[in-house]
Amino acid sequence: QVQLVESGGGLVQPGGSLRLSCAASGSIFSIVSMGWYRQAPGKQRELVAGVTVGGRTNYADSVKGRFTISRDNTKNTVDLQMNSLKPEDTAVYYCNLRLLTYNYWGQGTQVTVSS
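Keep in mind it's a predicted model, so treat the numbers as computed, not measured.

Trainee: How do you make sense of the overall build of the protein chain when you look at a structure like this?
Mentor: When helices and strands are tallied, the protein chain shows zero helices and eleven strands. Reading the secondary structure of the protein chain in the N-to-C direction produces β-β-β-β-β-β-β-β-β-β-β. Over its C-alpha trace the protein chain gives a radius of gyration of 13 Å, about what one expects of a compact globule, namely 13 Å for 115 residues. Taken over the C-alpha atoms alone, the protein chain extends approximately 40 × 25 × 25 Å along its principal axes. For the protein chain, the proportion of its 115 residues judged to be buried stands at 41%. Side-chain charges of the protein chain comprise 11 positive and 7 negative groups, with the mean position of each set lying 4 Å from the other.

Trainee: For this particular structure, what's the right way to read the state of the cysteines?
Mentor: Here a disulfide denotes one covalent bond, and it connects the sulfur atoms of two cysteines. Within this structure, the stated rule accounts for one disulfide. The side chain of Cys-22 participates in a disulfide bridge whose partner is Cys-95; the two sulfur atoms lie 2.1 Å from each other. Because the sign of the S-S torsion sets the handedness, a value of about -80 degrees for the bond joining Cys-22 and Cys-95 places this disulfide among the left-handed ones. Of this pair, Cys-22 sits in strand β3 (residues 18-26) while Cys-95 sits in strand β9 (residues 91-99), and the two are 73 residues apart along the sequence. Judged by its relative accessible area of 2%, Cys-22 falls in the buried class.

Trainee: I would appreciate a short explanation of the packing of aromatic side chains in the present structure.
Mentor: Between two aromatic rings, the relevant description is the distance of the centres plus the angle of the planes. Scanning the entire structure with this criterion turns up two aromatic pairs. Measuring from centroid to centroid gives 4.9 Å for Tyr-37 and Trp-105, while their planes differ by 75 degrees, and the two rings are edge-to-face. Placement of Tyr-37 in strand β4 (residues 31-39) and of Trp-105 in strand β10 (residues 103-105) is noted, with a sequence separation of 68 residues between them. Positioned above the aromatic ring of Tyr-94, the side-chain terminus of Arg-45 is 3.7 Å from the ring centre.

Trainee: Where do I start with the pairing of strand β8 (residues 77-82) in this structure?
Mentor: Each regular strand shows side chains that alternate between the opposite faces of the sheet. When you tally the buried positions in β8, you get five out of six residues, the bulk of the element. One ladder, built from six bridges, connects β3 with β8; its direction is antiparallel. Bridging from a neighbouring strand, Leu-18 pairs with Met-82 of β8.

Conventions adopted
Residues numbered from 1 in each chain as written. Predicted model: local features only at pLDDT ≥ 70, side-chain atom pairs only at ≥ 80, totals over all residues. Heavy atoms only, no water. Helix = DSSP H or I, 4+ residues; strand = E, 2+ residues; numbered from the N terminus. Rg over C-alpha atoms; globule rule 2.2 N^0.38 Å. Buried < 20%, exposed > 50% of the residue type's maximum accessible area, 1.4 Å probe, protein only. Lys, Arg positive; Asp, Glu negative; His and termini not counted. Charge placed at Lys NZ, Arg CZ, Asp CG, Glu CD. Disulfide = S-S within 2.5 Å. Phe/Tyr/Trp six-rings, centres within 6.5 Å; stacked < 30°, edge-to-face > 60°. Lys NZ or Arg CZ within 6 Å of the ring centre and 35° of its normal. Pairing = 2+ DSSP bridges.

Written out as structure tokens, the structure reads:
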């Protein structure tokens, strides 16, 4: 059994910052990557940022230069530092843990960017 617990969402003004955190626990073996996805109302879920077990990162073009993903391999945690937030970043953000055998999702945390 694997559990992902997310924290750090909320309401922020445009230009502000938020930090999302995700902690994975349980029977975790053969990690491929951890990352963050988001889903805005009426849109498909999309990758925001990911980091492989080897430390390789990738970002959606829309967040490059503003968001930074980091991972602690010893604790199985992944954080997303979000700076210079824009209204279009508003969405539910989901933590993702990709194993060789299965793909796990967190429950989601709401991020709202509004004045």
